[in-house]
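# Residue-level structure breakdown
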Amino acid sequence: MKFLFLFFPFLLLAQDKITPKTIQKRLDKSNNLLINGKTDEMIALNLSILEDAKHINYAEGKLCVYYNLALAFSSQYKYNKSNYYLRMMEPEFKNSDAEDQEISMNILYSINYRGIKMYDEALKKLKKNLVVASKLKNDSMRRALKGMIFIQIGKNYLDKKQYDSVSYYGKRVVEELKESKKMDSGMNTSLKAAMLLLTEAKINENNIDSAKFYMKLAQSVPVDWGNNEFATFKLVGQIYDARKQQDSAIVNYQKAIVLATKVKNFRKLAELYELITNSYEKTGQIDDEKKYNLKYNRLNDSLKKIDEENLKDTVGLLVDEKQVPLKHKANLFLYIIFIIVISTAIIILFIYKKIKNQNQILHIKEKETHKLNQKLNFAFEEVIMLAKENDPQFLARFQEVYPEFTPKLLKIEPQLLNSELKFCALLFLNFSTKEIANYSFVQPQSIQARKNKLRKRLNIPSDEDIYVWMKNM
């Protein structure tokens, strides 16, 4: 016993010393737990890491832990708890150089808002983020994060059923990433997510050929999402479903259900139960139809109760956010009154001039931000609307938004008429034969004839999809 007592201090000294490096190793383990859907274990681990990070006052470590906890609770649809840990992050930014963390925080805020269908609040967070992300010095990080923001914006528009906007932001990801000289895992993740987003938009528009095209692009991206590949299987199943290949659809839905169950994504699981129920109904497999319909109803009822609770909690958070600037203004007002009481007329005049100058600067900045948002939000939508209305300004506006497209066409065939350039632009924007016929008030047969004529003029191979050819321009 005496020997063990004397040896005990040496055992204490032999324990691992808490350092940023040891904390980072434990954080890496936390990421693996999230990927495997072990969110309860992830939460317990991060609460333990938080104590160590606080012990050595490691700001980056605390930021990562708060974000991990927020992410874990968000995946469990506990948005109030998630938002609590996101708010814990904010004071730590002044002690950290992790410039990407604030962007990640706001993206997660937006995901929480989208989870309870507060799309406008989610979009506000994301569009503010674009300005911050554009200033990042690291090229790879900047492009990957901008890609993630565009994808999240697209997902909000997908839920709002504004599919033209979904396509616009999905393509913005591609435009952002194609300028990079070298793709890394972060950028590949954004690219794959964008292709899946475009696939889902096209499925909802019942444009299955385009959906299949984007799905092939998504599957060619060299990144493996592990259990989160349920999103890919789900969309592949929907493509088969639309083509009335129900057996293949069911196989893919079943694969997606297995993976979604592992990561505990219950919202997608409910969606998958509904999809596979409909497929079993179409194939006449009544027992399986009833089984999955029962699962869907039970899970959907549970999710509705969660949504009701989350709505109350998150509305409270929004009220708090709106009150913060009001409290600051109230404090500033009291301070100004105190200054007025104890200060001379010269000081009062100085404050007045200073406030006036600040207001002028803020007004200028607001104008600049407003112009930037207009360019980001409305350029694509404007082109689409001009096309649908058969507006004479369509071609000119299209050339402003896509300045490289027309010169490339004219390089192949310099004698192209404006009417032919306009037709090419409509194909580039993925309008179907029927849609072009409706917008231009002609028969679909005429549109098909124009496509054949255009193939000859531009030397487009007969076995190549003309829409894909236009996209490759």
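Each residue is numbered by its place in its chain's sequence as written, counting from 1. The model is predicted, so local features are restricted to residues of pLDDT at least 70 and side-chain atom pairs to those at 80 or more, both for listing and for counting; the totals for chains, interfaces and linings are taken over all residues. Water and hydrogen atoms play no part in the side-chain values, which are based on all heavy atoms of the structure.

As a further point, take the nonpolar core. For our purposes a nonpolar core is just a set of buried Ala, Val, Leu, Ile, Met, Phe, Trp, Tyr and Cys residues, chained together by side-chain atoms within 4.5 Å. Note on exposure labels: buried denotes an accessible area under 20% of the residue type's maximum, exposed denotes more than 50%, and partly exposed covers the range between, all computed with a 1.4 Å probe on protein chains only. In this structure, L429 and M470 are the most contacted members of the largest nonpolar core, which totals 75 residues. Element by element, the count of residues in this core is highest for helix α10 (residues 185-204), at ten residues. Once you skip the residues sitting within four places of it in the chain, M470 turns out to touch F405, C424, L427, F428, L454 and L458. Counting residues in hydrophobic clusters, the runner-up holds 51 residues, among them I43, M118, A122 and Y296. Secondary structure follows DSSP: runs of H or I at least 4 residues long count as helices, runs of E at least 2 residues long count as strands, and numbering of each begins at the N terminus. We call two residues contacting when some pair of their heavy atoms lies within 4.5 Å.

The subject of this paragraph is the side chain of N83. Position of N83 among the secondary structure elements: in helix α5 (residues 79-89). By relative accessible area, N83 is classed as buried at 1%. A polar contact is formed between the side chain of N83 and the side chain of N112, at a distance of 2.8 Å. Any N or O atom pair separated by 3.5 Å or less is treated as a polar contact, with the protein-specific requirement of one donor-capable and one acceptor-capable atom, and with residues adjacent in sequence counted only for side-chain atom pairs.

Examined against the element boundaries, I49 turns out to sit in helix α3 (residues 39-55). For the pair I49 and C64, spaced 15 residues apart in sequence, the C-alpha to C-alpha distance is 9.8 Å.

Quick look at helix α19 (residues 418-428) now. Across the eleven residues that make up α19, a large majority, eight, are buried. Taken as a whole, α19 has its buried residues at E420, L421, F423, C424, A425, L426, L427 and F428. Where α19 ends, the next residue or the one after it, N430, has phi of about 75 degrees, a positive value.

So, on to the confidence of the model for the chain. Values of pLDDT, which run from 0 to 100, indicate the predictor's confidence residue by residue. Confidence in the prediction of the chain, expressed as mean pLDDT, is 84, and 82% of residues score 70 or more. Between the elements of the chain, mean pLDDT differs from a low of 41, seen in helix α1 (residues 2-14), to a high of 96, seen in helix α12 (residues 230-242). This stretch, residues 1-15, has a pLDDT under 50; its non-local contacts, to residues over four places away or in other chains, come to zero contacts. Segment residues 324-328 is flagged for pLDDT under 50; beyond a separation of four residues in sequence, or across chains, it makes zero contacts in the model.

What counts as a salt bridge is simple: a side-chain nitrogen of Lys or Arg found within 4 Å of a carboxyl oxygen of Asp or Glu. Scanning the model with the defined rule gives 22 salt bridges in all. We note a salt bridge from E92 to K62, for which the minimum N-O separation is 3.6 Å. Of the two residues, E92 sits in the loop between α5 and α6 (101-115) while K62 sits in helix α4 (residues 59-75), which places them 30 residues apart along the sequence. Neither residue differs from the other here; E92 and K62 are each classed as buried.

Okay, the packing of α6 against helix α7 (residues 119-133) next. Interhelical geometry of α6 versus α7 gives an angle of 165 degrees and a closest axis separation of 8 Å. It follows that α6 is roughly antiparallel to α7 by the angle criterion. By crossing handedness, the relation of α6 to α7 is classed as left-handed. Where α6 abuts α7, its residues E102, I103, N106, I107, Y109, S110, Y113 and R114 lie against Y119, E121, A122, K125, L126, N129, V132 and A133. Orientation is described by axes fitted as lines to C-alpha atoms, over the contacting stretch for helices, and by angles from 0 to 180 degrees between their N-to-C directions. Note on terminology: angles under 35 degrees are roughly parallel, angles over 145 are roughly antiparallel, angles of 65 to 115 are roughly perpendicular, and the others are oblique. Note on convention: near helix rotated counterclockwise from far helix by under a right angle means a left-handed crossing. Clockwise means right-handed.

What follows is about the packing of aromatic side chains. Aromatic contacts are taken between Phe, Tyr and Trp rings whose centres are within 6.5 Å, Trp giving its six-membered ring; a plane angle under 30 degrees counts as stacked, one over 60 as edge-to-face, and the others as tilted. All told, the structure shown has 19 aromatic pairs when counted by the stated rule. An angle of 45 degrees between the planes, with centres 4.9 Å apart, marks the rings of F405 and F428 as tilted. One end of the pair, F405, is in helix α18 (residues 405-412); the other, F428, is in helix α19, with 23 residues separating them in the sequence. Since its relative accessible area comes to 13%, F428 is described here as buried.

A helix is expected to reach a length of 1.5 Å times the quantity of its residues less one. With 17 residues, helix α13 (residues 246-262) should cover 24 Å at 1.5 Å per step; its first-to-last C-alpha distance of 24 Å lies within 8% of that length. Within α13 the residues assigned to the buried category are Q246, A249, I250, N252, Y253, A256, I257, L259 and A260.

Before going further, it helps to examine the side chain of K451. One can find K451 in helix α21 (residues 444-458). Of the side chains with opposite charge, D465 lies nearest to the buried K451, which makes no salt bridge, at 7.2 Å. Polar contacts involving the side chain of K451 include one to the side chain of Y467, which spans 3.2 Å. For K451, the residues in contact, after removing those within four places along its chain, are F423, L427, T433, I466 and Y467. Positive charge is attributed to Lys and Arg, negative charge to Asp and Glu, and no charge count is given to His or to the chain ends.

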